[in-house]
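Listed here are the chains, written in short residue letters.
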Amino acid sequence: MKCLTCSFKERGVTIGLSRASLLTNTITLNKQDLKVRTRIGGNMESNSRLVQAGLLAVLLACYFHGTKAALAVTLTPTGQVSFKPGDQASFTCEMTDRTPGDILVWKKLNGGVWIEMATNSVLNPLFNNTGRYTYKTDMATFQILKYTMTIKIALEDAGPIRCMRGGNPALTKELSVTVLARPSTVKINNVTSTGSELTFNSTQETEVSCVASGFNNANLLTMRITIVGRGDITDQFTSTVEYYNFTKDGLHGRAGRRALTNNRYIFNGADDNKDLQCLAEYTDFTTLAGLVTVRVQGVPVITCTNSNRTTSVNQKGFKLTCPVISNPQLTSLVWVYGNERYPMGEPAKNGLSASYDITDSTKKHGEAVLTIESVAKEHFGEYKLQAANRLGDAVPEGKVTLWELGQSSSPASTAKSPVTKGKTGGSTSGAGAMASFVLLTGLMTVLQAALH
């Protein structure tokens, strides 16, 4: 340890003191060849009170102006420390073997700039005003300064913190705070509230996205997107990650945003009224979820494209049915049998009437119904169903074939086709034409025999 000598002269007496001797409480007085040894608090081996007074003055001077070789700053904890938002984190900084002119300063890297958090016992109003910082004095003496800072952790507290002796950067201790922050929001097509609805056009490409924001480490985040009741569709989406800067209460922070996106996704009628769910799972946290209900708009979807039904003659009030999904609501629904059309809502015709029964509260799902008052032979055959809404016609049409009970081949009677007319307006059957051809051939044969 370097020795600093302080001198006091009176009547030819020189007192030499070193900081090392102060630390061991031992003092040596030199007067020519006379050596006087003493201990602090003991009796001086000298009759001079002036020497004693001078010695006390020298002790104080050397104490306050001695070397800084023993000055130290400590900060606990040290290194890299991790917290979750809302955790209470405490940091203690201590300066030992100081002189009264030494100050203790806390600093934080904020938006790329080191700003002062506290000086000695005074907390910077910028931090005090957040309501998340508390600061207390543990000890403040001639030799020791010790303070503890407690923070209710938020994402903007991430980054390095320093404790240092003011004016001497060489005496600096530093730690780095990591905030394990899960996403604060999950949005599906920019919608956050559970219970919301999103409407899409069926058979039309559309953009679907799920975005999780507010986390600080994408490597700790897993995201999935599903249609509840149909399955996971994450593999049809592209994942991207970006980081953005934000400011809160005057403090700068950095957070991440991860998106699952498909710019050409196609919903179909079967997805209508199902929940589209996005899950964001962050390490050591519960899962955060976004949930919306899908409404699929498009031309109607008819599901009975090739159905068969059976019944018996004289069956009363028989119903042909076919499920239909339409969002927006139907503007037209028509059963077609032969050349006859049976629109929904119109009075019965030929003993047949059409209707549409709603099967869910959204009025998007229902059944097209054709009621036959009393089944007769002429009612067996192929029925077509046509549906439309303001977006267009259903493609393909529906088709239901009605069979007579016990019939194994084609229906006994099918929808009648128009009769082919001749030029004179009479009808010509295929059998009559064949008979005429045979007769003409016979006459030609007889004529050739007579000529020979």
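Just so we're clear, the structure is a prediction, and the values are computed from it rather than from any experiment.

Observations concerning the sheet that holds strand β20 (residues 238–248)
Taken in spatial order, the four strands make up an open sheet running β15-β17-β21-β20, and their pairing is antiparallel. Looking at strand neighbours, the two that pair on one side only are β15 (185–188) and β20, the edges of this open sheet. Each strand axis lies, on average, 20 degrees off the axis of its neighbour in the sheet, ignoring direction. Relative to strand β21 (residues 251–265), strand β17 (residues 206–215) runs antiparallel, the two sharing eight bridges. Residue pairing for β21: phenylalanine 215 is matched across the bridge by glycine 256.

Let's talk about unusual backbone geometry
In this chain, threonine 76 is followed by proline 77 through a cis amide linkage whose omega measures -5 degrees. Positionally, proline 77 belongs in the loop between β5 (72–76) and β6 (79–83). Following asparagine 327, the chain continues into proline 328 via a peptide bond in cis, with omega recorded as 10 degrees. Its identity is not glycine, yet asparagine 189 carries a phi of approximately 50 degrees, on the positive side. Counting through the fold element by element, asparagine 189 comes out in the loop between β15 and β16 (196–201). The backbone of asparagine 314 shows a phi angle near 75 degrees, a positive value even though the residue is not glycine. Among the secondary structure elements, asparagine 314 is positioned in the loop between β24 (307–311) and β25 (316–327).

Some points on the nonpolar core
Counting 33 residues, the largest nonpolar core has Phe91, Leu104, Trp106, Tyr133, Met149, Ile161 and Val177 as its most contacted members. Residues in contact with isoleucine 161, not counting those within four places in the same chain, are Leu75, Phe91, Trp106, Lys107, Met117, Ile151, Lys173, Glu174, Leu175 and Val177. The next biggest cluster of nonpolar side chains, apart from the first, holds 27 residues, and it includes Val191, Ile225, Ile233 and Phe237.

Concerning the pattern of salt bridges
Within this structure, the stated rule accounts for 13 salt bridges. Linking lysine 377 and glutamate 404 is a salt bridge whose minimum nitrogen-to-oxygen distance equals 2.8 Å. Residue lysine 377 is found in the loop between β29 (365–374) and β30 (381–389), and its partner glutamate 404 is found in strand β32 (residues 398–404); the two are separated by 27 residues along the sequence. Note on glutamate 404: relative accessible area 17%, which makes it buried. Within the structure, one salt-bridge network assembled from shared partners comprises Arg132, Glu156 and Asp157.

How each quantity is defined
Residues numbered from 1 in each chain as written. Predicted model: local features only at pLDDT ≥ 70, side-chain atom pairs only at ≥ 80, totals over all residues. Heavy atoms only, no water. Pairing = 2+ DSSP bridges. Helix = DSSP H or I, 4+ residues; strand = E, 2+ residues; numbered from the N terminus. Axes fitted to C-alpha atoms, helices over the stretch in contact; angles between N-to-C directions. Core = buried A, V, L, I, M, F, W, Y, C linked by side-chain atoms within 4.5 Å. Buried < 20%, exposed > 50% of the residue type's maximum accessible area, 1.4 Å probe, protein only. Contact = heavy atoms within 4.5 Å. Salt bridge = Lys/Arg side-chain N within 4 Å of Asp/Glu carboxyl O.

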